[in-house]
Amino acid sequence: MLFAHDICPYRIGSRVRVAETNEYAKEWPGIYVVTCIRWEFQKGDGTAINISIASDLELQAKNGDTDGWSSDDLLPV
């Protein structure tokens, strides 16, 4: 059985940026913080990870984060 920490290289609080190969990279410049990691096991083979990120300014303003990212979409900073 796989667990989220076995297949996701990030942890809550990790600093990341959106990979240049991602189609939305130009809309997401800068550095972000991983705020949530969900293992969406109901989506097929059990390896679907849904990562949420937010900028420091969004966190300070207590705004929400944005989900829908995979570990392939992000790069460590």
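If you're wondering where the values come from, they're calculated on a predicted model, not measured in any experiment.

Visitor: Can you walk me through the nonpolar core in this structure?
Guide: In globular proteins that are soluble, nonpolar side chains generally tend to be buried together. Among the nonpolar cores identified, the biggest contains 13 residues, and Y10, V16, V18, I51, I53, W69 and L74 are the most heavily contacted of them. Elements with a minimum of two residues in this core: β1 (15-18), β2 (32-39) and β3 (49-54). The element contributing the most residues to this core is β3, with 3 residues. Residues in contact with I51, not counting those within four places in the same chain, are C8, Y10, V34, C36, T66, D67, G68, W69, S70, S71 and L74.

Visitor: Looking at this model, I keep getting lost on the side chain of N22. Mind explaining?
Guide: Inspection of the secondary structure puts N22 in the loop between β1 and β2. If sequence neighbours within four positions are ignored, N22 has contacts with W69 and D73.

Visitor: Can you help me understand the sheet that holds strand β4 (residues 66-69) in this one?
Guide: Adjacent strands of a sheet pair through backbone hydrogen bonds, lying either parallel or antiparallel. Judged by pairing direction, the sheet is antiparallel, and its 5 strands sit side by side in the order β4-β3-β2-β1-β5 without closing on themselves. At either margin of the open sheet sits one strand with a lone partner, and together these are β4 and β5 (74-76). Along the sheet, successive strands turn relative to each other by an average axial angle of 50 degrees, direction set aside. Pairing of β1 with β2 involves 2 bridges; the strand directions are antiparallel. Looking at the pairing, V16 lines up with Y32 of β2.

Visitor: I'm lost on the pattern of salt bridges in this one. Help?
Guide: Note on pairing: side chains with opposite charge can pair once their charged atoms come close. Taken as a whole and judged by the stated rule, the model has 3 salt bridges. Residue R38 pairs with D67 through a salt bridge whose shortest N-O separation is 2.9 Å. Highlighted residues: R38 in strand β2 and D67 in strand β4, separated in sequence by 29 residues. A residue is classified by how much of its surface remains accessible, and R38, at 30% relative accessible area, is partly exposed.

Scoring rules and cut-offs
- Residues numbered from 1 in each chain as written.
- Predicted model: local features only at pLDDT ≥ 70, side-chain atom pairs only at ≥ 80, totals over all residues.
- Heavy atoms only, no water.
- Core = buried A, V, L, I, M, F, W, Y, C linked by side-chain atoms within 4.5 Å.
- Buried < 20%, exposed > 50% of the residue type's maximum accessible area, 1.4 Å probe, protein only.
- Helix = DSSP H or I, 4+ residues; strand = E, 2+ residues; numbered from the N terminus.
- Contact = heavy atoms within 4.5 Å.
- Pairing = 2+ DSSP bridges.
- Axes fitted to C-alpha atoms, helices over the stretch in contact; angles between N-to-C directions.
- Salt bridge = Lys/Arg side-chain N within 4 Å of Asp/Glu carboxyl O.

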